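Structural characterization, general
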Amino acid sequence: MTIRLFLPLFCCSLLLPGVWGLAAFADEVPDSEVLETRLSGATGETRLEILETLVLVNAKNDPAKSLKYGLALVESLDGPDRVTKRLEIMNKVTWAHFRLGDYDEALRYNERVGALAERVGDRLAYGGVLKLRGSVHLRRGDFKKCREAYLEALALFREVKNDEQVATVLNNLGILFKVQGNYQQALEYYLQALAIHEKNGNRAHQASCLNNVGQIFLFLEENDKAQEYYERALELKKELGDKRAMASTYNNLASLHQRAGRHELAHQYLSEALALGQATGNLYSVGLSFGHRAHSLIEMKRYDEALADLGEALKRFERMNARAQIIFIRRNTARLYRETDRLDEALVEIRSALALAEEIDAKEEIGRANEEMSLVLAARGDYQGALEAFRRFKKVADEVFSENSYNRISFLREQFETLKKEKEIEGLRAVTQDQVSRLAQEKLTQRLVLAILLVVFLCVITLLMRLHSHRQLVMQMELNRTLEQRVAARTEALEARNEELVTLDEVVRAINREADLKPLLAAVLKETKVLLPGAETSSILMYDADEDLFELAAFTGYDCDMDPPVRLTQRDVAERYMSHPPRGDGIWIIEETERLTAPESIKELPKPRSLLAMSLELAGECSGFLILGNLTRHDAFRVADPGTLQRLREHTVSAVAKARVVHNLVHTQSLLTKTQHQLVQAAHRAGMSEIAVGVLHNLGNALNSVNATCAVLEQRICDNRGLRILDGVSELLRDHERDLAGFFSTDRRGKMLPEVLTEVSRRLRDTHDDIANDLDLLKEELEEVLKMVRAQHDLIEPQILLEPVNVNRLVQEVLAAYARDFREERVVVERHLGEVPTVVTERFKLSTVLHHLLRNALESFRHEIPESRKTITVATLVESEDRLLLEVADSGVGIPDAQKSMVFRQGYSTKSHAAGLGLHFCANALKEVGGRIQVSDNREGPGTLVRVWLPVRRSDRKGRGTAVA
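Our subject in this report is the structure included herewith. Keep in mind it's a predicted model, so treat the numbers as computed, not measured. (Residues numbered from 1 in each chain as written. Predicted model: local features only at pLDDT ≥ 70, side-chain atom pairs only at ≥ 80, totals over all residues. Heavy atoms only, no water.)

Some points on the pairing of strand β2 (residues 549–556)
Two faces belong to every sheet, and in a regular strand the side chains alternate between them. The condition is simple: Note on pairing: DSSP must find at least two bridges between two strands before they are called paired. Numbered from the N terminus, helices here are DSSP runs of H or I no shorter than four residues, and strands are runs of E no shorter than two.
Looking at chain direction, strand β1 (residues 537–544) and β2 are connected through 7 bridges and run antiparallel. Looking at the pairing, Asp544 lines up with Leu549 of β2. Between the end of β1 and the start of β2, which pair antiparallel, lie 4 residues, with Asp548 showing a positive phi angle near 55°. Judged from the 2 bridges that link them, β2 and strand β3 (residues 567–568) form a sheet pairing that is antiparallel.

Shown next as structure tokens:
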């Protein structure tokens, strides 16, 4: 029985928290008092560095100071560039709350750190948050939430391939299963963690794992192995100088000696562990040492000292709300009261322990509490209650694994039966002694039978009524329990929905911070991946109305560079994404991607296992698609909430619409600027436009008259009946050409022909006179038109609009316009642009001259010219203080010497298909702006060199330039 009472020393398992503490400092740690002195006068970055050092220095030995300085440092770390450091310090503040036993505050702060880590996308930091959250739940006795947090952290660390953190979480899971009594599972997790730490050479964590493995062997009653692992762990911890960890191992060694009955030696170990715990400020370790030392004192019958230690332990565990340890203390307190015959107090304590154990579902402790309760009830004489308690104890023992439980229950059952028989024998003896007196009272008893039967009847009626009330109460309790479960489930669902809405709100805020279209699309892809972690690849297709195609506007998650760019027709998009049943308005989730047809432009991309497509509709028309993919899982988007997807789609459409408006405004502004520039270039023709309006109006009136006269002429010519009659006469004569004499003498129609021809002649003469009159009128109207043209020609005078022109920039712009032609003809363009001043000239004319020269240079390669010889060289330099030189040279076929003097003439060209106006325009335009042009052979080889001189400051005189060959 003693061994079974000592077995629940599972509290030792919580000495090492599920997550190991902060990283170890170097051998020489800065002195805390010196740093506090320096802090009083420090400012700026120096103050932040000192605060961080104080947090780290006091993290283990003085958690209260670490908490104080950590909170001060968190308030000082602001700005987006310090988010990582803020996460690190907030995590240390959470650890300080944890070490001080303030689990509720630690849990609240842990949730804040987790929210920040998720918002910035720091997955490793979020794994640390989950790990610490599991440790807090473990200390609070909430094993279900603890296991969920640890498993989520384990999956995350394995995903990012962080072996050290994987080992840490495995160790924590071992602690959890040990507390729940599943020792084989706990041992498996501990050994996995130990193997990883030995591989990585982490001595501190090796010591912790060795200590935990020793605990498992202790609970499995393999004391030799337990002692071996404990001694290895203690040796490593002494080498590392880790007093907190040493206290844990001393507690475990004490448990080992308690099992062997060496309570004096166990008392010594526990006193050393207590001293180390008090020296390091470890509230939990101190409470545990007090509790185990009280256990040894109870075994040594030193009850007063044991009761004092139990009170100290209970005070600390209640402060930390460590429910598993409170059960252990109350159970030992009940045992002490039982052994000192304070049975009522013992019953109160053991009932409190049993209720708390059932609340946290600690099966081992439920069994041990029932075992102790059976002893207390047996000591009180309530053997039936004791037997029921032992049956509960056996049920729990069956669920765990211990064979001693069965032996103990058999022993107690035999003891109970023996005591029952002894009571029955004593009762029989009492019956024998009282038999005589009972015979005397038999008649009286008979008289009382009727009264007793009546009382029994009343009792039965009362009992039935109470049973009926009890059943109604049980039904009401079941109904209340069901309602509570539904409320709890609804609360959890609402909390999850709230967390989802908070995440969606953060995503929307991040998207709305961008105004330009391209950064906004990139932000949409980034934040969508935060909301939907299953999206390994993501892309956005935008519709180009000019080309009637969907083009890839942004993407992430692909290793290729998307060259050539992805372009899909409307039919491709409809067949690939919209042919499947929608999961909402404009949302499609595609899990059978094997049947998808891949257009030519995306055949080289990795094929996804599942797809999520959202249409982006602006003004009632589909303007794009948001495509998310997962390359490994076909059910990656199955659990996505349709409401969340719909809200994400709506916010994305709104943001894209806003960016489109901004983009259109910017584009409109650019067009207005360009139009303004074009208006400046065309301003010199503005006056002529006004004159042209009047001239065209007058010309229109005159030409309307001409048009009317022409229409009358056309009608008269077309409606000439005389010609049609002559055609009929000719046909009639051809029909009777063999017998014309008979036709004229006998046929009625032949006799009428002379009169008909006379009438036709008259009509033709009238028509001829009318046409002649109309032609005279047409000549007069055209003469009026010519007079108008001559009048306006005399008024024409060239208008010149001057503006500052950066020649080098203008050259670059014109070259950029011909970039595609250069690529197609495989022409190499060489630029030698010197430092030249700004020229005040007519930008439009100079730009047109450059276009003509480059076009001529390109056309010089239309003949059979090797690709290695296709070169165009453009150079600018200052020839003198008042003149700038622009040269355009090509390596084409060149111009014969005999033709160089004629290339500037109007209508002359060396090309058969040209009109001969280009160089003529160049010469005239340069002459108007005070420049000149010259054509010669290329100095570097075959081809032509064109030289253009421009004045740096244009003279007021016109016609100063010349064209020479």
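What to know about a negative patch on the surface
Selection criterion: Within the patch definition used here, like charges are joined within 9 Å and nonpolar side chains (Val, Leu, Ile, Met, Phe, Trp, Tyr) within 5 Å, considering only residues with over 30% relative accessible area and no salt bridge. Methods summary: accessible areas were calculated by the Shrake-Rupley approach with a probe of 1.4 Å, and residue burial reflects only the protein chains presented. Just to be clear on terms, a salt bridge is a Lys or Arg side-chain nitrogen sitting within 4 Å of an Asp or Glu carboxyl oxygen. This count recognises Lys and Arg as positive and Asp and Glu as negative, with His and chain-terminal groups excluded. For this purpose, a charge sits on NZ of Lys, CZ of Arg, CG of Asp or CD of Glu. Three exposure classes are used, based on accessible area relative to the maximum for each residue type with a 1.4 Å probe and protein chains only: buried under 20%, partly exposed in between, and exposed over 50%.
Taken together, the side chains of Glu111, Glu118, Glu148, Glu152, Glu492 and Glu495 make up a negatively charged region of the molecular surface. Listing elements by their share of the negative patch, those giving two or more residues are α6 (103–120), α8 (143–159) and α22 (442–512). What makes Glu111 partly exposed here is its relative accessible area of 46%.

A look at the side chain of Asn110
Formally: Counted as a polar contact is a pair of N or O atoms within 3.5 Å, where, for protein atoms, one must be capable of donating a hydrogen and the other of accepting one, and residues adjacent in sequence contribute only when both atoms are in side chains. Should any heavy atoms of two residues lie within 4.5 Å, those residues are counted as being in contact.
Looking at the secondary structure, you find Asn110 in helix α6. Among the residues examined, Asn110 registers a relative accessible area of 1% and is labelled buried. Of the polar contacts made by the side chain of Asn110, one reaches the side chain of Arg133; its length is 2.7 Å. Leave out the neighbours within four places in its chain, and Asn110 touches Thr94, Val129, Leu132 and Arg133.

Side note on the pattern of salt bridges
Applying the stated criterion across every chain yields a total of 28 salt bridges. A salt bridge links Lys301 to Glu339; the shortest N-O distance between them is 3.7 Å. Residue Lys301 is located in the loop between α15 (283–299) and α16 (303–320), and its partner Glu339 is located in helix α17 (residues 323–339); the two are separated by 38 residues in the primary sequence. Overall, Lys301 belongs to the exposed group, its relative accessible area being 53%. The partner of Arg883 in a salt bridge is Glu879, with the nearest N and O atoms 2.9 Å apart. Overall, the relative accessible area of 31% leaves Arg883 in the partly exposed class.

With respect to the environment of Glu364
Position of Glu364 among the secondary structure elements: in helix α19 (residues 363–379). Glu364 sits 182 residues away from Asn182 along the chain, and the two C-alpha atoms are 9.6 Å apart.

Remarks on the packing of aromatic side chains
Think of a pair of aromatic rings as described by two things: how far the centres are apart, and how the planes are tilted against each other in angle. The test is simple: Each Phe, Tyr or Trp ring (for Trp, its six-membered ring) is paired with any other whose centre lies within 6.5 Å, and the angle between the two planes then decides the class: stacked below 30 degrees, edge-to-face above 60, tilted in between. Any Lys NZ or Arg CZ found within 6 Å of a ring centre and within 35 degrees of that ring's normal is scored as a charge over the ring.
Evaluation of the coordinates by the stated rule reveals 8 aromatic pairs. Pairing Phe550 with Phe625 gives two aromatic rings, centres 5.9 Å apart and planes at 70°, and the pair type is edge-to-face. Separated by 75 residues along the polypeptide, Phe550 in strand β2 and Phe625 in strand β6 (residues 621–630) bring together distant segments of the chain. With a centroid separation of 6.2 Å and an interplanar angle of 40°, the aromatic rings of Trp588 and Phe625 are classed as tilted. Separated by 37 residues along the polypeptide, Trp588 in strand β4 (residues 587–590) and Phe625 in strand β6 bring together distant segments of the chain. The two residues Trp588 and Phe625 agree in class, both being buried. Connected via pairs of aromatic rings, a cluster forms that spans Tyr543, Phe550, Trp588 and Phe625. Cation over ring: Arg932 sits above Trp949, and NZ or CZ is 3.7 Å from the ring centre.

Some remarks on the environment of Val811
Among the structural elements, Val811 can be located in helix α30 (residues 807–817). Residue Val811 is classed as buried on the basis of its relative accessible area of 3%. Residues Val811 and Ser847, spaced 36 residues apart in sequence, show a C-alpha to C-alpha distance of 8.1 Å. What Val811 contacts, discounting residues up to four positions off in sequence, is Leu833, Leu850, Val874, Thr876 and Leu886.

Thoughts on unusual backbone geometry
Negative phi values dominate among residues other than glycine, just as trans dominates among peptide bonds. For Lys161, which is not a glycine, the phi torsion comes out positive at approximately 60°. Relative to the elements of secondary structure, Lys161 occurs in the loop between α8 and α9 (163–179). Among the residues examined, Lys161 registers a relative accessible area of 73% and is labelled exposed. The phi angle at Lys301 is positive, at roughly 65°, despite the residue not being glycine.

A closer look at the packing of helix α11 (residues 203–219) against helix α13 (residues 243–259)
When two helices pack together, you describe them by how their axes are tilted relative to each other and by the distance separating the axes. Rule in force here: Lines fitted to C-alpha atoms define the axes, with helix axes restricted to the stretch in contact, and inter-axis angles between N-to-C directions lie between 0 and 180 degrees. Any angle between 65 and 115 degrees counts as roughly perpendicular, while under 35 counts as roughly parallel, over 145 as roughly antiparallel, and the rest as oblique. Should the near helix be turned anticlockwise from the far one by less than a right angle, the crossing is left-handed, and should it be turned clockwise, the crossing is right-handed. Residues are grouped as follows: Ala, Val, Leu, Ile, Met, Phe, Trp, Tyr, Cys and Pro are nonpolar; Asp, Glu, Lys and Arg are charged; every other residue, Gly included, is polar.
The interhelical angle for the contact between α11 and α13, taken along N-to-C directions, is 15°, at an axis separation of 11 Å. Judged by the angle between their axes, α11 and α13 are roughly parallel. Of the two elements, α11 crosses α13, and the hand of that crossing is left-handed. Along its contact with α11, which presents Asn211, Gln215, Leu218 and Phe219, the element α13 presents Ser248, Thr249, Asn252, Ser255, Leu256 and Arg259. Taken together, the residues that form the contact of α11 with α13 break down as 3 nonpolar, 6 polar and 1 charged.

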